Amino acid sequence: MGSFLLAAVTAVVLAAFIGDGGAGFGALAGLAAGAAWVAACLGVNYLFERRSLMLFAINASYNIVTFTAMGAIIGAMQ
């Protein structure tokens, strides 16, 4: 339940950034948010925690794909 609520909050905030740009723009905005905000922040944490590059790649790519799909869906619905 908590995961669903946090994903819903993420979608609402991402929708505020996407506006009415369409599915293509939504996917691009989601990709940018996933890579530049989420993955970059994860990268900083992983550097200080000295975690493996493989674990970072798995977690960062999951978030990038999730944000890209979420952005495309939101953009298509606008």
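Residues numbered from 1 in each chain as written. Predicted model: local features only at pLDDT ≥ 70, side-chain atom pairs only at ≥ 80, totals over all residues. Heavy atoms only, no water.

### What to know about helix α1 (residues 2-18)
Reasoning step 1: Taking 1.5 Å of rise per residue, 17 residues should cover 24 Å, and α1 covers 24 Å from first to last C-alpha, within 8% of that figure.
Reasoning step 2: Where α1 ends, the next residue or the one after it, G19, has phi of about 70°, a positive value. (Helix = DSSP H or I, 4+ residues; strand = E, 2+ residues; numbered from the N terminus. Expected span 1.5 Å × (residues − 1).)

### Things to note about the packing of α1 against helix α3 (residues 53-77)
Reasoning step 1: Two numbers describe how α1 lies on α3: the axes approach to 10 Å, and their chain directions differ by 60°. The angle between the axes of α1 and α3 places the two elements in the oblique class. α3 is crossed by α1, and the crossing has right-handed handedness. The residues of α3 that touch α1, namely those facing A7, T10, A11, L14, A15 and I18, are F67, M70, G71, I74 and G75.
Reasoning step 2: Among the residues forming the contact of α1 with α3, the class breakdown is eight nonpolar, three polar and no charged. (Axes fitted to C-alpha atoms, helices over the stretch in contact; angles between N-to-C directions. Parallel < 35°, antiparallel > 145°, perpendicular 65-115°, else oblique. Left-handed = near helix turned anticlockwise from the far one by under 90°. Contact = heavy atoms within 4.5 Å. Nonpolar A, V, L, I, M, F, W, Y, C, P; charged D, E, K, R; others polar.)

### Examining the packing of α1 against helix α2 (residues 22-49)
Reasoning step 1: Relative to each other, α1 and α2 sit at 120°, their axes nearing to 10 Å. As summarised for this structure, α1 and α2 are arranged oblique, according to the angle between their axes. Handedness of the α1/α2 crossing: right-handed. Of the residues in α2, those touching α1 at L14, F17 and I18 are F25, G26, A29, A33 and W37.

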